Amino acid sequence: MIEYLYNAIRMVAGQEEEVYTIARDDEGFIDKGVVFMLHSPEGEVIAKVDGTYNPNTYQWTFIIPAEATAGRTGKHWYCFMREGKN
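This structure is a prediction, so every number in the text was calculated from the model and none was measured.

Peer 1: Go over the overall build of the protein chain with me, naming the residues and quoting the values.
Peer 2: Within the protein chain, the secondary structure is distributed over one helix and ten strands. Reading the protein chain from its N terminus to its C terminus gives the helix and strand order β-β-β-β-β-β-β-β-β-α-β. Computed over its C-alpha atoms, the radius of gyration of the protein chain comes to 13 Å, within 12% of the 12 Å expected for a compact globule of 86 residues. If you line up the protein chain on its principal axes, its C-alpha atoms span 40 × 25 × 25 Å. Looking at the protein chain residue by residue over its 86 residues, the buried ones come to 31%. Taking the intrachain contacts of the protein chain between residues at least 6 apart in sequence as the baseline, contacts between residues at least 24 apart amount to 59%. Of the roughly 6000 Å² that the protein chain leaves accessible, carbon and sulfur atoms contribute 48%. Averaged over its 8 positive side-chain charges, the protein chain has a centre that lies 5 Å from the centre of its 13 negative ones.

Peer 1: Tell me what's going on with the nonpolar core, and back it up with residues and numbers.
Peer 2: Grouped burial of nonpolar side chains is what soluble globular proteins tend to show. Counting residues in hydrophobic clusters, the biggest one holds 15 residues, and the most contacted among them are Val19, Val34, Phe36, Val49, Trp60, Phe62 and Ile64. At the level of elements, β6 (34-39), β7 (45-50) and β9 (59-64) are the ones that each hand at least two residues to this core.

Peer 1: Outline the layout of surface pockets, supporting the account with residue identities and numerical values.
Peer 2: Computed from the structure, the largest pocket encloses a volume of approximately 380 Å³. The element that contributes the greatest number of residues to the lining of the largest pocket is strand β2 (residues 8-11), accounting for three residues. For the lining of the largest pocket, the residue count by class is nine nonpolar, five polar and two charged. The volume enclosed by the second largest pocket comes to roughly 160 Å³. In terms of lining residues, the second largest pocket is bounded by Thr21, Ala23, Arg24, Asp25, Ile30, Val34, Phe80, Met81, Arg82, Lys85 and Asn86. For the lining of the second largest pocket, the secondary-structure elements that each account for two or more residues are β4 (24-25) and β10 (77-82). Sort the elements by how many residues they give to the lining of the second largest pocket and β10 lands first, with three residues.

Peer 1: So, the packing of aromatic side chains: which residues are in play, and what are the values?
Peer 2: Here the structure, examined in full by the defined rule, presents eight aromatic pairs. Relative to tyrosine 58, the ring of phenylalanine 29 has its centre 4.0 Å away and its plane inclined at 5 degrees; by these criteria the two rings are stacked. Taken as a pair, phenylalanine 29 in strand β5 (residues 28-29) and tyrosine 58 in the loop between β8 (52-54) and β9 lie far apart in primary sequence, 29 residues in all. Overall, the relative accessible area of 36% leaves tyrosine 58 in the partly exposed class. With a centroid separation of 6.1 Å and 40 degrees between ring planes, the pair formed by phenylalanine 36 and phenylalanine 62 is classed as tilted. Note that phenylalanine 36 is positioned in strand β6 and phenylalanine 62 in strand β9, a separation of 26 residues in sequence. Of the residues examined, phenylalanine 62 reaches a relative accessible area of 0% and is grouped as buried. Through a chain of ring-to-ring contacts, the aromatic side chains of Phe36, Tyr53, Trp60, Phe62, Tyr78 and Phe80 assemble into a single cluster.

Peer 1: Could you give an account of the sheet that holds β10, with specific residues and numbers?
Peer 2: Strand order in this open sheet of three strands is β7-β6-β10, and the pairing throughout is antiparallel. Whereas interior strands pair on both sides, the edge strands pair on one side only; in this sheet they are β7 and β10. Averaged over all pairs of adjacent strands, the angle between their axes in this sheet comes to 20 degrees, without regard to strand direction.

The rules behind each value
Here the residue numbering is sequential within each chain, running from 1 through the sequence in written order. Where totals are concerned, whole chains, interfaces and linings use all residues; where local detail is concerned, this predicted model gives features only for residues with pLDDT of at least 70, and gives and counts side-chain atom pairs only at 80 or more. The basis for every side-chain value is the complete set of heavy atoms in the structure, and neither hydrogens nor water enter the calculation. Runs of H or I in DSSP of at least four residues are treated as helices and runs of E of at least two as strands, each being numbered from the N terminus. Radius of gyration means the value over C-alpha atoms here, while the globule rule gives 2.2 Å times the residue count to the 0.38 power. Buried means the residue's accessible area, taken with a 1.4 Å probe over protein chains only, is under 20% of the maximum for its type, while exposed means over 50%, and partly exposed covers the values in between. Only heavy atoms matter for contacts: two residues are in contact if any of them lie within 4.5 Å across the pair. Surface accessibility in these figures is a Shrake-Rupley result with a 1.4 Å probe; residues are shielded only by whichever protein chains are displayed. When charges are tallied, Lys and Arg are placed among the positive residues and Asp and Glu among the negative ones, while His and the ends of the chain are skipped. To locate a charge, the coordinates of NZ of Lys, CZ of Arg, CG of Asp or CD of Glu are taken. Nonpolar core, defined: a set of buried Ala, Val, Leu, Ile, Met, Phe, Trp, Tyr and Cys residues in which side-chain atoms within 4.5 Å join the residues together. Both cavities and pockets are sets of points on a 1 Å grid over the protein atoms alone; in a cavity a 1.4 Å probe fits but cannot get out, in a pocket the set is open with protein on both sides within 12 Å along at least five of seven lines, and lining residues sit with an atom within 4 Å of a point. Grid points are joined across faces, edges and corners, and a volume is the space filled by probe spheres set on the points. Gly is put with the polar residues, along with every residue not named as nonpolar or charged; the nonpolar set is Ala, Val, Leu, Ile, Met, Phe, Trp, Tyr, Cys and Pro, and the charged set is Asp, Glu, Lys and Arg. Aromatic rings from Phe, Tyr and Trp, with only the six-membered ring used for Trp, were paired whenever their centres fell within 6.5 Å, and each pair was classed as stacked if the ring planes differed by under 30 degrees, edge-to-face if by over 60, and tilted otherwise. A strand pair is defined by DSSP finding two or more bridges across the two strands. Helix axes use the C-alpha atoms of the stretch in contact, all axes being lines fitted to C-alpha atoms, and the angles between their N-to-C directions lie in the range 0 to 180 degrees.

Right, here's the structure in full:
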């Protein structure tokens, strides 16, 4: 199960999840190089996931592997990045 709550994403630990976003900048939709980063509460990178872009919907899809969240509880941080910037 995945649930979007304002700027939070609720995931089930140890279960593969899909996350979606639409990325834009001043020049329009971003169609290259976006990654999803999941961090521990201490800031450690838990997962860096490359996305798949759909040019028909301008949507990025990221599949978060079950191993990335297995055994984890509590609040973790995430961001979408391109060229090292979130």
